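Coordinate analysis (summary)
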Amino acid sequence: AIKFNAYGAGTLVTDASGNITAVGAGAGPFLPLSGGTMTGNIDFNDSVRARFGNGNDLQIVHDGSNSYIHNVDVGDLYIRQTADDKDIIFQSDDGSGGTATYMYLDGGGGLTRLSRRLRADDGVKIEAGSTGDLQIYHDGNDSYIDEVGTGSLIIKSSTIIEMKGANDEYIARFIENGSVDLYYNNALKFETTGTGVLVTGDIQIDSALLSNQE
């Protein structure tokens, strides 16, 4: 037997098969070097890292101010959820001392959901398409919806497409199976019809060739 005093008086005892067990006051239980089941917490002091991999490639640490999950040298960092129809949920402070969900990966619906506003800084583009063909961004002065790849820029709606100014005044309206309306200072001036167009106000023409006029 080997006496030890690290956690109070105790003894390490070997049996006939060479197994070592601890007996006595404060003698355990202890986690075997080959693995086992933890029955209590593992506490790391500030800046003490939990390190994984032969080259300590994955490291988890709290430095006294912030917490970090590092993938240090090789490979990608995977966060994986394999429970059927379950989600990965990202939460943070809600700005009022509570907790709110900002984004989650919807495993049941097969999509990414945003629960809070998404903001891109000046000059940072939100891109869609495998090669970023559609870009939406603000450059610090102006805002753009930019089709930079192949094909056309198509804006669709189930019924009506409306364009308005900052004061919620109409600029234009596009109505499916109906008219195209153009406005000046929120007043309708030009409207397409089934037989032609309607104009409210004067028509000023610098130069024109009119055919089949009445």
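Residues numbered from 1 in each chain as written. Predicted model: local features only at pLDDT ≥ 70, side-chain atom pairs only at ≥ 80, totals over all residues. Heavy atoms only, no water.

**What about the overall build of the protein chain?**
Regarding its fold elements, the protein chain presents zero helices and 17 strands. Computed over C-alpha atoms, the radius of gyration of the protein chain comes to 34 Å, more than 25% over the 17 Å expected from 2.2 N^0.38 for 214 residues, which places it beyond the range of a compact globule. Counting only C-alpha atoms, the protein chain reaches 120 × 35 × 30 Å along its principal axes. Per-residue burial over the protein chain gives 8% buried out of 214 residues. At a minimum sequence separation of 6, the contacts of the protein chain that also span at least 24 residues come to 0%. On the protein chain, the mean spot of the 14 positive side-chain charges and the mean spot of the 30 negative ones are 8 Å from each other. (Helix = DSSP H or I, 4+ residues; strand = E, 2+ residues; numbered from the N terminus. Rg over C-alpha atoms; globule rule 2.2 N^0.38 Å. Buried < 20%, exposed > 50% of the residue type's maximum accessible area, 1.4 Å probe, protein only. Contact = heavy atoms within 4.5 Å. Lys, Arg positive; Asp, Glu negative; His and termini not counted. Charge placed at Lys NZ, Arg CZ, Asp CG, Glu CD.)

**Here's the deal with the sheet that holds strand E5 (residues 58-62)**
Strand order in this open sheet of three strands is E4-E5-E6, and the pairing throughout is antiparallel. Strands with a single pairing partner mark the edges of an open sheet, and in this sheet they are strand E4 (50-52) and strand E6 (67-71). Going from strand to strand, the sheet's axes swing by 10° on average, the running direction of each strand aside. Two strands pair when backbone bridges link them, and E5 and E6 are joined in this way by five bridges, in the antiparallel orientation. Note on E6: the bridge partner recorded for Ile 60 is Ile 69. (Pairing = 2+ DSSP bridges. Axes fitted to C-alpha atoms, helices over the stretch in contact; angles between N-to-C directions.)

**Side note on the pattern of salt bridges**
Oppositely charged side chains can form a pair if their charged atoms are brought close together. On inspection of all chains with the given rule, the structure shows five salt bridges. Residue Arg 113 is joined to Asp 106 by a salt bridge in which the shortest nitrogen-to-oxygen separation is 2.7 Å. Taking relative accessible area as the criterion, Arg 113 reaches 36% and is therefore assigned partly exposed. For Asp 106, a relative accessible area of 13% corresponds to the buried category. For Arg 173, the salt bridge is made with Asp 181, and the minimal N-O distance between the two is 3.7 Å. Since its relative accessible area comes to 4%, Asp 181 is described here as buried. Connected through salt bridges with shared partners, the residues Glu 162, Lys 164, Asp 168, Arg 173 and Asp 181 form a single ionic network. (Salt bridge = Lys/Arg side-chain N within 4 Å of Asp/Glu carboxyl O.)

**Topic: the environment of Leu 198**
When you line up the elements, Leu 198 lands in strand E17 (residues 197-199). For Leu 198, a relative accessible area of 48% translates into the label partly exposed. Not counting chain neighbours up to four residues away, the residues in contact with Leu 198 comprise Lys 189, Phe 190, Glu 191 and Thr 193.

**Considering the sheet that holds strand E13 (residues 160-164)**
Spatially, the five strands line up as an open sheet ordered E13-E14-E15-E16-E17, and their pairing is antiparallel. Bordering the open sheet on either side are E13 and E17, each of which pairs with just one other strand. The sheet shows a mean angle of 15° between the axes of neighbouring strands, direction not considered. Both strand E14 (residues 170-175) and strand E15 (residues 180-184) contribute to a ladder of three bridges, which runs antiparallel. Within E15, the residue paired with Phe 174 across the bridge is Val 180.

**Looking at a nonpolar patch on the surface**
Together, Met 163, Ile 171, Phe 174, Val 180, Leu 182, Phe 190, Val 197, Val 199, Ile 203 and Ile 205 give the surface a local cluster of nonpolar side chains, amounting to about 810 Å² of exposed area. Taken together, the elements giving at least two residues each to the nonpolar patch come down to E14, E15 and E17. Tracing the backbone shows Phe 174 in strand E14. (Patch = residues over 30% accessible without salt bridge, like charges linked within 9 Å, V, L, I, M, F, W, Y side chains within 5 Å. Areas by Shrake-Rupley, 256 points an atom, 1.4 Å probe, with all protein chains shown as cover.)

**Points about the pairing of strand E9 (residues 111-114)**
Two elements, strand E8 (residues 99-106) and E9, share four bridges in a ladder whose sense is antiparallel. Note on E9: the bridge partner recorded for Leu 105 is Thr 112. Linking two consecutive strands that pair antiparallel, namely E8 and E9, is a turn of four residues; a positive phi of about 70° is found at Gly 110 within it.

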